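# Structural overview
The lines below spell out each chain.
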Amino acid sequence: MFGHLRFVAACAAVAGLLAVSATTATAAGAAGPATHDPGPGLQQELEALVHEPGGPPGVIVTFKSHGVTSVYRAGVADLTTGRPPEPYDAMRIASVSKAYSGAVALMLAGWGVLGLDDTIARWLPTLPAAWGQVTLRELLQHTSGLPDYSAEPAFHEVLIADPHHVFAPNELLSFAASQPLRFAPGTRYQYSNSDNIAVALMTAAATGRKYEQLLNDLLYVRLGLYRTSLPKGYKMPPYYMHGYGVRDGLLKDVSTEFSASASWASGGIVSTPRELNAFIAAYAGPRLLSERTRQAQLTFIAGGSEPPGPGTNAAGLGIFRYSTRCGVVYGHTGNTSGYTQFAAASPDGTHSMTFSVNAQITPSSDQTLFDRMRKVEEDAVCALLSH
């Protein structure tokens, strides 16, 4: 009850900022030509990446520095038409979606609606009692020990039988409900897709609002994310970057292979390079969170995102630190059928970037190609931080 009242009051405060936020977003989007240029080296690297054996059909990199946006791309967004990737193309952002649930949870924590030490037992008492003492902080940092529902055979059986099956959010964790914790909460790091499902369910329980509504009210409207959504089904919106994968030895369009509800808050968000860039600049920078909450967010431990990002990875609360040869950025990576993503920003939020390819590239799928892509990502970070 009290958490809901604090949430309503906080939303009223956010509403007062919307006019300013919208004006800022419009001004940034209307900026003139880029004032910095990473040089021909990055463009050549992107061209080489799409021509690597097994390389993605297309890649697009967006930079934003002090309100000025520049775009670099190679290959195609659609093999049928041959058109290039565009910054307004919709795409599946995969596990970068976890940063959005992190943003919602941390904003609510800053307003006192949720506490970082609130437990699953408090907000989600119907989940297994063995999970009850896991805290929001541990979920956000992947130190919860929750078993990963997406690794459960029963979950795979449902997807195989009907890849477009629409899962209810509270159905996802039920696939792992019979499994014990992997380890005592808080004692080690282990990435789990279950963590951010529980995070989103906790935010809904604490506010009395659906998680999708929280995304809209706290992030989409405030940051001008008009092409960003968390759909239930498998369809993509108009004008999208098609995702590709090898099926039966052939390269096929897998953009609509699975229902987004299968990953929900852990990986189901659809956005665009331009809007993902706007989000990560706000979330990785100081714009969205109180100073105290941001200090908690940026308390890092050893742990890598999935797939690993450039440089040395460390895990914060709903965010990762990437220490590259050229400096530090904060952000998140993701991969899903047809897409691999990397989004990051400088600690002050003035420099941000997205790196999106329309193929799933991971160390387990092709280590050589993944290493090549990761090198280009780091070079892109260096280009970003040098201006």
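Residues numbered from 1 in each chain as written. Predicted model: local features only at pLDDT ≥ 70, side-chain atom pairs only at ≥ 80, totals over all residues. Heavy atoms only, no water.

A few words on the pattern of salt bridges. In this structure the tally under the stated criterion is twelve salt bridges. As a salt-bridge pair, Lys375 and Glu45 come within 3.4 Å of each other at their nearest N and O atoms. Of this pair, Lys375 sits in helix H13 (residues 367-385) while Glu45 is found in helix H2 (residues 40-51), placing the two residues 330 residues apart along the sequence. With relative accessibility at 13%, the residue Glu45 sits in the buried group. (Salt bridge = Lys/Arg side-chain N within 4 Å of Asp/Glu carboxyl O. Helix = DSSP H or I, 4+ residues; strand = E, 2+ residues; numbered from the N terminus. Buried < 20%, exposed > 50% of the residue type's maximum accessible area, 1.4 Å probe, protein only.)

It is worth spelling out the sheet that holds strand S9 (residues 320-324) at this point. Across the sheet, eight strands lie side by side as S2-S1-S12-S11-S10-S9-S8-S7; this open sheet has antiparallel pairing. Each having just a single partner strand, strand S2 (68-75) and strand S7 (301-302) make up the two edges of the open sheet. In this sheet, S9 lies alongside strand S8 (residues 312-315) in antiparallel orientation, the contact comprising four bridges. Directly across from Asn313, in S9, lies its bridge partner Tyr322. In this fold H13 packs onto strand S1 (58-65), S8, S9, strand S10 (327-336), strand S11 (339-345) and strand S12 (351-357), with an angle of close to 155° to the strand it touches most, S12. (Pairing = 2+ DSSP bridges. Contact = heavy atoms within 4.5 Å. Axes fitted to C-alpha atoms, helices over the stretch in contact; angles between N-to-C directions.)

Relative to the elements of secondary structure, Thr354 occurs in strand S12. Sequence-wise, Thr354 and Ala278 are 76 residues apart; in three dimensions their C-alpha atoms are separated by 9.6 Å. Not counting residues within four places of it along the chain, the set of residues in contact with Thr354 comprises Ile60, Val61, Thr62, Pro273, Leu276, Asn277, Phe342 and Ala343. One polar contact links Thr354 to Thr62, side chain to side chain, over a distance of 2.6 Å. (Polar contact = N/O pair within 3.5 Å; in protein donor to acceptor, adjacent residues only side chain to side chain.)

The subject of this paragraph is the environment of Ala151. If you trace the backbone, Ala151 turns up in the loop between helix H5 (136-140) and helix H6 (153-161). A relative accessible area of 49% means that Ala151 is categorised as partly exposed. Expressed as a C-alpha distance, the spacing of Ala151 and Ser194, which sit 43 residues apart in the sequence, is 9.8 Å.

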